[in-house]
Amino acid sequence: MSDDEQHNQQFEQASAGASLTFPMQCSALRKNGHVVIKGRPCKIVEMSTSKTGKHGHAKVHLVGVDIFTDKKMEDISPSTHNMDVPNVTRTEYQLLGVDDGFLNLMNTDGGTKDDVKLPDSKLGEDILAGFEVADTVMVTVTAAMGEEQVTSFKVSNQ
């Protein structure tokens with residue numbers, strides 16, 4: 001075996017390398033933007049900067065709401081440090097049906113998706129009620145950091 005052969009590696013899986021988060025300096029974050037607080041993707045609802053002592057850093061106090069659970073979270077970080085910002089995507093799907101608490105969805109290209117759970121909240125009840133009476137129900141699925149959840153829906157009678 002030559003030296004080159006021991007460095008040949010077989011990779012089983014390839015990905016596009018799209019990261020779940022990207023770094024951004026604290027001072028560049030803005031209200032209504034997104035940030036990762038305590039490992040959860042959050043929407044910033046309140047933000048304040050405080051000047052500290054003679055040789056200290058200015059601190060940024062962030063208050064965010066988890067985009068999936070609506071829990072309030074807080075964090076304080078020096079303004080010069082980087083924080084993770086989640087890549088958040090919103091996609092619209094047409095609702096085809098509901099099976100065992102999971103939604104059967106179709107995207108604009110005609111592809112189907114059936115791994116999104118029906119929300120347990122009032123939103124889920126409203127989606128089911130709208131599906132019973134309407135011709136078309138469009139649901140918006142928000143995805144961030146490997147999680148997906150229905151966040152809103154529209155009913156249309158054509």
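Rules and cut-offs
Residues numbered from 1 in each chain as written. Predicted model: local features only at pLDDT ≥ 70, side-chain atom pairs only at ≥ 80, totals over all residues. Heavy atoms only, no water. UniProt positions renumbered as here; feature names shortened; annotations may be inferred. Pairing = 2+ DSSP bridges. Helix = DSSP H or I, 4+ residues; strand = E, 2+ residues; numbered from the N terminus. Buried < 20%, exposed > 50% of the residue type's maximum accessible area, 1.4 Å probe, protein only. Axes fitted to C-alpha atoms, helices over the stretch in contact; angles between N-to-C directions.

In the annotation of an unreviewed UniProt entry, the protein chain is listed under the name Eukaryotic translation initiation factor 5A and assigned to Suillus discolor. Word for word, the UniProt comment on the protein chain under Sequence similarities (unreviewed entry) is "Belongs to the eIF-5A family." Under the Subcellular location (unreviewed entry) heading, UniProt states for the protein chain: "Cytoplasm".

Two faces belong to every sheet, and in a regular strand the side chains alternate between them. Examined bridge by bridge, strand β2 (residues 34-37) and strand β3 (residues 40-50) share four bridges and lie antiparallel to one another. By the bridge assignment for β3, Val-35 is matched with Cys-42. Count of turn residues in the β2/β3 antiparallel hairpin: two residues, of which Lys-38 carries a positive phi of about 55°.

Glancing now at unusual backbone geometry. Of note in the backbone geometry, Asn-32 takes a positive phi value of approximately 70° without being a glycine. Relative to the assigned elements, Asn-32 resides in the loop between β1 (21-25) and β2. In this model, Asp-100 sits at a positive phi of 50°, which is unusual for a non-glycine residue. Looking at the secondary structure, you find Asp-100 in the loop between β7 (89-99) and β8 (102-106). Exposure remark for Asp-100: the relative accessible area of 80% places this residue in the exposed category.

As a further point, take the pairing of β7. Of the pairings in the sheet, the one linking β7 to strand β10 (residues 136-144) comprises six bridges and is antiparallel in character. When the bridges of β10 are listed, Thr-91 appears paired with Val-141. With five bridges connecting them, β7 and β8 associate as antiparallel partners. Residue pairing across strands places Asp-99 opposite Phe-102, the latter belonging to β8. Between the antiparallel neighbours β7 and β8 lie two residues, among them Asp-100 with a positive phi of about 50°.

Turning our attention to the sheet that holds β2. What the four strands build is an open sheet, ordered β2-β3-β4-β5; its pairing is antiparallel. Of all the strands in the sheet, just β2 and β5 (72-78) have a single pairing partner and so form its edges. Adjacent strand axes in the sheet meet at a mean angle of 45°, parallel and antiparallel pairs treated alike.

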